[in-house]
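Observations on the model geometry
Single-letter residue listing:
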Amino acid sequence: MSFSWTRVGAIVHKELRDYRRNRFVIATMAAVPVVFTTLPTIQLIAADTTNKAVSLHIGLSLLYLLVIPVTMPSVVCAYSVVGEREQGTLEPLLSTPVRREEFVIAKALAALAPTLVIAYAVFGIFLAIAALLAHPVILSAIFTGSHVLVQLLFTPLLAGWAIWVGIAVSSRSTDVRVAQQLGVLGSLPPLAIVALMSLNVISESAGLAIAFAAALLVFDLLAWRVVARMFDRERLLVNRRS
Amino acid sequence: MTDMEARHSVPDRTQGGEAAIIVEHLTKRFGDRVAFNDVSFEVGAGEVFGFLGPNGAGKTTTVRTLVTLIAPSTGTATVAGIPLLPENGSAIRSRISLMPESPGLYLRLTVTENLQCFAGLYGLDDVPGRIGRALRAVNLEDRARDLCGSLSKGLRQRVALARALLNDPAVLFLDEPTSGLDPVAIREVHDLIESLRKRGVTIFLTTHRLEEAERLCDRVAILNTTLRMIGRPDELRARLFRRSLDVRLRAPLGDPRTLFGAVSDVEQWEQTSSGYVLTVANPDRAAPVLARALVGAGADILSLGESHHSLEDVYLELIDEDVEAKSR
């Protein structure tokens, strides 16, 4: 039986409906953007406009924004398998024709879609506020260099990393809270590299950003296969493999 | 046709009828622990097959193996006409359904939304029509828009059954479908299973409720890691228990040995707290002879009839044998 986007769509649709009615998910999706829009905006408006400080302020502000695609999906994905197990829905789900690759890609897409919408919306709001309230020097600096490119490129790529780490952790966990903590922790390493670039510790350039983005893209694609292999029906149900 | 007639009209599937499930020497081990060992049986198309056993006997693991959730350690099986092989998992699962012990519904979704999700997972066409038919089959049409979280446990079980019917399965696996339900909800689930039997659905029913198995199943298998016995409930009784007569008298006999010894059909007898149990080859022939002998001896007969062994007696006899064997 071949890969079916109908089955993927069924799970994605179900997940999105479930998110909408889950107060915890709604609160997470609302609170994270509020926090990570407020802090960089204040930072930007109150920023010193001397040449060296501008770059640092912008780097720090945009780094805050990249925390959204890392934390939001990792919290949601950490729940994706262990949550199904806890509410007793995993066994009926696994007893359908759905294949492991379909299951994990569906869970990933269901987390990626709201993450991208929120992360890009927050970035848009940030740019709008900057255009209205920030010093022209800062506004001009935002659009020079690779800041916008880094935001656009790394938002889905960091989210991809966080999603696969979250699903992998969730597949092996027996407790939602542990899965969420490990998921968030595991999703941070690539953000550290982006942070070094944003804060000019590693010399930032469009070439470096694209190279790192390409590496992350390759990793995300490989991670789909690796996580799908980890997704073993028997292990998920009886917590051990014979 | 009454339910009982319907049940007895099912042919003996082990006598060459079409098989929905064929299991041959199937074993599952988790490390050193054996979940079930060398299990072989067949389930015929349209049959309601009961799978009984105590907790930890391997019933759920057997079901999970047959629905391709768990890989067998050794042995072979065919489910819905498809060999049980890793590469056939998705194909087998598309032709069967499982209703696990817990209904496993998405509680923040409505009944219809739950069914829509599973219709998509089975890749079904005419989704509204199928959902409508499944809900009609379990009498839940009027609750279609309710959130599953607002339903009682019995209603959730019915939704789970509707979900299992969506794909018109060739084999429906029901794992403890009445576990934790109140008597009214149990009766509702039993009625639903009866209606599925009439529709010719092959049902593999895992339960430890013996009265449920006796009422619903054409044949039963008793598992306690190994398959202890398989057959129709009356066959199991006949195989395990010799036929006997229960005699209750107003007062004990003065010389039962001489009296029972004079009745040729009586093979052996024992005194119980309420009277006597006599093992006989033919109760119909022995009962009148015995009654005359008792009256002739001046005994006041309160009752005299053939002993009836329930499926529970069969089950307990087998499980007790296992307990005794383990303790030796």
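Bear in mind the structure is a predicted one, so any value in this text is a computation, not a measurement.

Along the backbone of chain A there are twelve helices and zero strands. Along chain A, helices (α) and strands (β) appear in the sequence α-α-α-α-α-α-α-α-α-α-α-α when read from the amino end. In summary, chain A has a C-alpha radius of gyration of 19 Å against a globular reference of 18 Å for 242 residues, a match within 12%. Along the three orthogonal principal directions, the C-alpha set of chain A runs to about 65 × 35 × 30 Å. A burial count over chain A gives 55% of its 242 residues as buried. In chain A, 83% of the contacts between residues at least 6 apart in sequence involve partners at least 24 apart. In the form shown here, chain A has an accessible surface area of approximately 10,300 Å², with 69% of it arising from carbon and sulfur atoms.

To continue, consider the overall build of chain B. The helix and strand inventory of chain B stands at twelve helices and 14 strands. Seen along its three principal axes, the alpha-carbon backbone of chain B occupies a region of about 75 × 45 × 35 Å. Taking contacts inside chain B between residues at least 6 apart in sequence as the whole, the part at least 24 apart equals 69%. Accessible surface, chain B as shown: approximately 14,700 Å² in total, 48% of it carbon and sulfur.

Turning our attention to the interface of chain A and chain B. Frequently, the measure chosen for interface size is the accessible area removed from exposure when the parts meet. Contacts between the two partners involve 31 residues from chain A and, on the opposite side, 32 residues from chain B. Contact between chain A and chain B buries roughly 2,900 Å² in total, counting both sides, with carbon and sulfur atoms accounting for 58%. A per-residue breakdown of the area chain A buries against chain B is headed by Arg21, Glu91 and Ser95 of chain A, which together make up 19% of the total. In this assembly, chain A and chain B are joined by five salt bridges. Counting across the chain A and chain B interface gives 13 residue pairs in polar contact (both at pLDDT 80 or more). Among the secondary structure elements, those contributing two or more residues to the side of chain A that touches chain B are helix 1 (5-20), helix 5 (90-94) and helix 12 (233-238) of chain A. The element that contributes the greatest number of residues to the side of chain A that touches chain B is helix 1 of chain A, accounting for seven residues. Per-class residue counts for the side of chain A that touches chain B are eleven nonpolar, eight polar and twelve charged.

Further remarks concern the sheet that holds strand 7 (residues 171-175) of chain B. Think of a sheet as strands paired side by side through backbone hydrogen bonds, with each pair either parallel or antiparallel. Residues and elements named next belong to chain B. Read across the sheet, six strands follow the order 6-7-8-3-9-10 without closing on themselves; strand pairing throughout is mixed. Only two strands of the sheet have a single neighbouring strand rather than two, namely strand 6 (96-99) and strand 10 (226-231). With direction set aside, neighbouring strand axes in the sheet form an average angle of 15°. The sheet contact formed by strand 3 (residues 48-52) and strand 9 (residues 219-224) spans four bridges and is parallel. By the bridge assignment, Leu52 is partnered in strand 9 with Ile222.

Each turn of an α-helix holds 3.6 residues, which means side chains three or four residues apart point in the same direction. Counted residue by residue, helix 4 (residues 111-121) of chain B has nine buried out of eleven residues, so it is predominantly covered. Taken residue by residue, helix 4 of chain B has Val111, Glu113, Asn114, Leu115, Cys117, Phe118, Ala119, Gly120 and Leu121 of chain B as its buried positions. Those residues of helix 4 of chain B that are buried lie in contact with helix 1 and helix 5 of chain A together with helix 5 (127-137) and helix 6 (153-165) of chain B.

Next up on the list: the sheet that holds strand 5 (residues 82-83) of chain B. Residues and elements named next belong to chain B. The strand order 2-1-4-5 describes an open sheet built from four strands, whose pairing is antiparallel. The outermost strands of the open sheet, each flanked by one partner alone, are strand 2 (33-44) and strand 5. Pairing of strand 1 (residues 19-30) with strand 2 involves eight bridges; the strand directions are antiparallel. Bridge pairing links Arg29 to Val34 in strand 2. In the packing of helix 2 (residues 59-66) onto the sheet, the strands contacted are strand 1, strand 2 and strand 4 (74-79), and the crossing angle to strand 1 comes to about 120°.

Another point: the environment of Leu222 of chain A. Tracing the backbone shows Leu222 of chain A in helix 11 (residues 206-230). As a C-alpha pair, Leu222 of chain A and Ala168 of chain A span 54 residues in sequence and 13 Å in three-dimensional space.

Turning our attention to the layout of surface pockets. Of the pockets and cavities examined, the largest pocket occupies roughly 620 Å³. Every residue lining the largest pocket is counted, 25 residues in all, and those nearest its centre are Thr68, Pro86, Glu87, Gly89 and Arg93 of chain B. Elements that contribute at least two residues to the lining of the largest pocket include exactly helix 6 (100-133) and helix 12 of chain A together with strand 4 and helix 3 (89-95) of chain B. Here the element with the most residues in the lining of the largest pocket is helix 3 of chain B; it accounts for four residues. Residues that form the lining of the largest pocket fall into these classes: ten nonpolar, six polar and nine charged.

Our focus in this paragraph is the environment of Val12 of chain A. Residues and elements named next belong to chain A. When you line up the elements, Val12 lands in helix 1. Linking Val12 and Phe103, residues 91 residues apart in sequence, is a C-alpha distance of 9.3 Å. Residue contacts for Val12: discarding those within four places in its chain leaves Ala106, Leu109 and Ala110.

This part takes up unusual backbone geometry. In the Ramachandran plot, His25 of chain B falls in the positive-phi region, its phi being about 55° despite a non-glycine side chain. Along the chain, His25 of chain B turns up in strand 1.

Structurally, chain B comprises domain 1 (3-238) and domain 2 (242-306). For domain 1 of chain B versus domain 2 of chain B, the distance between C-alpha centres works out to 45 Å.

Rules of the game
Residues numbered from 1 in each chain as written. Chains lettered and ligands numbered in written order. Predicted model: local features only at pLDDT ≥ 70, side-chain atom pairs only at ≥ 80, totals over all residues. Heavy atoms only, no water. Helix = DSSP H or I, 4+ residues; strand = E, 2+ residues; numbered from the N terminus. Rg over C-alpha atoms; globule rule 2.2 N^0.38 Å. Buried < 20%, exposed > 50% of the residue type's maximum accessible area, 1.4 Å probe, protein only. Contact = heavy atoms within 4.5 Å. Areas by Shrake-Rupley, 256 points an atom, 1.4 Å probe, with all protein chains shown as cover. Buried area = accessible area lost by both parts, 1.4 Å probe. Salt bridge = Lys/Arg side-chain N within 4 Å of Asp/Glu carboxyl O. Polar contact = N/O pair within 3.5 Å; in protein donor to acceptor, adjacent residues only side chain to side chain. Nonpolar A, V, L, I, M, F, W, Y, C, P; charged D, E, K, R; others polar. Pairing = 2+ DSSP bridges. Axes fitted to C-alpha atoms, helices over the stretch in contact; angles between N-to-C directions. 1 Å grid on protein atoms, 1.4 Å probe; cavity = no way out; pocket = protein on both sides within 12 Å on 5 of 7 lines; lining within 4 Å. Points joined across faces, edges and corners; volume = space filled by probe spheres on them. Domains from an automatic or database assignment.

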